[in-house]
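Listed below, chain by chain, are the residues.
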Amino acid sequence: MSEVKLAAEVRNSFGKGAARSIRRDNKVPAVVYGHGTEPVHVTLPGHELLLALRTPNVLLSLDIDGKTELAIPKAVQRDAIKGYLVHVDLLLVKKGEKVTVEVVVETEGELAPGSFLVENVLNTLSVEAEATHIPTSVTVSIEGLEAGASIHAKDVPLPKGTTLATDPEAVVIQILAAQAEEPAADAAEGDASAEA
C-alpha cells in the first residue's frame with residue numbers, strides 16, 4: 001500500500017462560488033472527517049491528488065496546519081463530462097485501526113482447453129484491513145477451470161491481516177460454456193421463398 005503526502009490548506013469560504021474559485025486555482029475542495037471530530041474543510045493540490053487517487057484505497061498523509069493526519073478517500077466526485085475532480089470526502093484513520101474497504105478482484109491463469117468464458121460476478125470484494133496495510137487488489141487463479149466451476153468469496157486468498165467482509169458464499173467468478181451461434185433459420189427460409 002502506498003502512502004502519499006499532500007499539503008492541505010484549511011478553508012473558511014464555502015458554496016459554489018468558493019468551490020469554483022478553488023478549482024480555477026487547480027486545487028480541489030475536500031472535507032476531512034472521522035473519529036468523532038468536527039469535519040475540517042480543506043483545499044488540496046489538484047494534480048497531486050488526481051495522481052494519488054489512481055491507486056485504489058490510497059493512504060493520504062495530510063499536512064493540516066503543521067499536524068499530520070492519515071486519511072483514505074471515502075467519496076470522490078468528478079465532473080461528468082470533463083472528468084476533473086469536483087470534491088473529495090476523506091475519512092481519518094489511525095495506524096493499527098481496522099477499516100472496511102472495497103478491493104478489486106483480478107484473475108490469473110488459463111482456463112481448461114475449450115470454449116469457456118469467465119464471468120466476473122463481483123468485480124470487488126469488501127474486506128477489513130489495517131488502515132496502513134490496505135491491499136490494492138486480490139488475485140484469484142482460474143487455472144484449468146471448466147464450465148460450471150465457480151469461485152466463492154471464501155475461496156479468494158487474502159493478504160495476511162485482511163479479513164473478508166463480503167458474504168463468504170457470494171459467487172465472485174463463474175466459468176461458462178461459450179454458446180455457439182445457430183444459423184438463422186428465418187434467413188434460410190427467406191432465401192428459398194425468394195428463389196421460388
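Just above, that's the structure.
A few points on the structure.

Conventions we followed
- Residues numbered from 1 in each chain as written.
- Predicted model: local features only at pLDDT ≥ 70, side-chain atom pairs only at ≥ 80, totals over all residues.
- Heavy atoms only, no water.
- Core = buried A, V, L, I, M, F, W, Y, C linked by side-chain atoms within 4.5 Å.
- Buried < 20%, exposed > 50% of the residue type's maximum accessible area, 1.4 Å probe, protein only.
- Helix = DSSP H or I, 4+ residues; strand = E, 2+ residues; numbered from the N terminus.
- Contact = heavy atoms within 4.5 Å.
- 1 Å grid on protein atoms, 1.4 Å probe; cavity = no way out; pocket = protein on both sides within 12 Å on 5 of 7 lines; lining within 4 Å.
- Points joined across faces, edges and corners; volume = space filled by probe spheres on them.
- Nonpolar A, V, L, I, M, F, W, Y, C, P; charged D, E, K, R; others polar.
- Pairing = 2+ DSSP bridges.
- Axes fitted to C-alpha atoms, helices over the stretch in contact; angles between N-to-C directions.

### Quick notes on the nonpolar core
Within soluble globular proteins, side chains that are nonpolar tend to cluster in buried spots.
Then comes step 1: With 23 residues, the main nonpolar core has Ile 72, Leu 125 and Ile 173 as its most contacted residues.
Then comes step 2: Where this core is concerned, the elements lending two or more residues are β5 (67-78), β6 (85-93), β7 (98-108), β9 (124-130), β10 (137-141) and β13 (171-177).
Then comes step 3: With four residues, the single largest contributor to this core is β7.
Then comes step 4: Residue contacts for Ile 173: discarding those within four places in its chain leaves Val 105, Thr 107, Val 118, Glu 119, Val 121, Val 140, Ile 142, Ala 149, Ser 150 and Ile 151.
Then comes step 5: Counting residues in hydrophobic clusters, the runner-up holds 19 residues, among them Leu 6, Ala 8, Leu 44 and Val 88.

### Notes on the layout of surface pockets
Then comes step 1: The volume enclosed by the largest pocket comes to roughly 190 Å³.
Then comes step 2: Around the largest pocket sit Val 32, His 35, Thr 37, Val 40, Ile 64, Lys 67, Glu 69, Leu 92, Val 93 and Lys 94, which together line it.
Then comes step 3: Sorting the residues of the lining of the largest pocket by element identifies β3 (37-45), β5 and β6 as the ones contributing at least two each.
Then comes step 4: Class assignment of the residues belonging to the lining of the largest pocket gives a composition of five nonpolar, two polar and three charged.

### With respect to the pairing of β9
Then comes step 1: Inspection of the sheet shows β7 paired to β9 by seven bridges, in the antiparallel sense. From the neighbouring strand, Lys 98 faces β9, where its bridge partner is Glu 130.
Then comes step 2: Where β9 meets strand β12 (residues 163-164), two bridges bridge the pair, whose relative direction is antiparallel. Bridge assignment links Val 127 to a residue of β12, and that residue is Leu 164.

### Regarding the pairing of strand β1 (residues 3-10)
Regular strands place side chains that alternate from one sheet face to the opposite one.
Then comes step 1: In terms of strand pairing, β1 meets strand β4 (residues 59-64) through six bridges, oriented parallel. The residue of β4 that forms the bridge with Ala 8 is Ile 64.

### Looking at the sheet that holds β13
Then comes step 1: In spatial order, the strands read β8-β13-β11; together these three strands make up an open sheet with antiparallel pairing. Bordering the open sheet on either side are β8 (116-120) and β11 (150-152), each of which pairs with just one other strand. Each neighbouring strand pair of the sheet contributes to a mean axis angle of 10 degrees, computed without reference to strand direction.
Then comes step 2: Two elements, β11 and β13, share three bridges in a ladder whose sense is antiparallel. The residue of β13 that forms the bridge with His 152 is Val 171.

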